[in-house]
Amino acid sequence: MSLLAVLDEAVAALKASLDEDDRAQGWTDDLRREVQEEISISRSVLRRHGMDMVRHLRPRFDEWMEREGVGPGRLRDLVGDVQRSLVEARTTA
């Protein structure tokens, strides 16, 4: 899956309302919106300025999730995929 497709999938999932499992894992509406906005910004940068800009993106979603106390689950896995994809793209850019 391409980097932009991973970002698109994450943005779409994070726009949806949280379910009970998400809330039990530590997600709040504010956190969901903030993470979605950060991923959207990265996506916009790459679309507008090209994939070479990936080397300027410094994703730290894992640290953010840890600080916020978010437990394992579908959204954290999705955000982790975004971070891994961005890091991988940086190493190949």
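For the structure, see preceding data.
Heads up: these notes are all about the structure in this document. If you're wondering where the values come from, they're calculated on a predicted model, not measured in any experiment.

1. Things to note about the packing of helix α4 (residues 61-68) against helix α5 (residues 74-92)
At a closest axis distance of 9 Å, the pairing of α4 and α5 adopts a crossing angle of 150°. Between α4 and α5, the angle is such that the two are roughly antiparallel. On α5, the residues that touch F61, D62, M65 and E66 of α4 are R76, V79, V82, Q83 and L86. For the contact of α4 with α5, the class distribution of residues is five nonpolar, one polar and three charged.

2. Observations concerning the pattern of salt bridges
Where charged atoms from two side chains of opposite charge come close, those side chains can pair. One pass over the structure, following the stated rule, counts eleven salt bridges. Residue R43 is joined to D8 by a salt bridge in which the shortest nitrogen-to-oxygen separation is 3.0 Å. In this pair, R43 sits in helix α3 (residues 29-49) while D8 sits in helix α1 (residues 3-15), placing the two residues 35 residues apart along the sequence. A relative accessible area of 27% means that D8 is categorised as partly exposed. The closest approach of N and O atoms between R32 and D29, which form a salt bridge, is 4.0 Å. In this pair, R32 and D29 both sit in helix α3, three residues apart, roughly one turn of the helix. The buried category is assigned to R32, whose relative accessible area is 10%. In this structure D29 comes out as partly exposed when scored by relative accessible area, which is 28%. Where salt bridges share partners, they join D8, R43 and R47 into one cluster.

What counts and what doesn't
Residues numbered from 1 in each chain as written. Predicted model: local features only at pLDDT ≥ 70, side-chain atom pairs only at ≥ 80, totals over all residues. Heavy atoms only, no water. Axes fitted to C-alpha atoms, helices over the stretch in contact; angles between N-to-C directions. Helix = DSSP H or I, 4+ residues; strand = E, 2+ residues; numbered from the N terminus. Parallel < 35°, antiparallel > 145°, perpendicular 65-115°, else oblique. Contact = heavy atoms within 4.5 Å. Nonpolar A, V, L, I, M, F, W, Y, C, P; charged D, E, K, R; others polar. Salt bridge = Lys/Arg side-chain N within 4 Å of Asp/Glu carboxyl O. Buried < 20%, exposed > 50% of the residue type's maximum accessible area, 1.4 Å probe, protein only.

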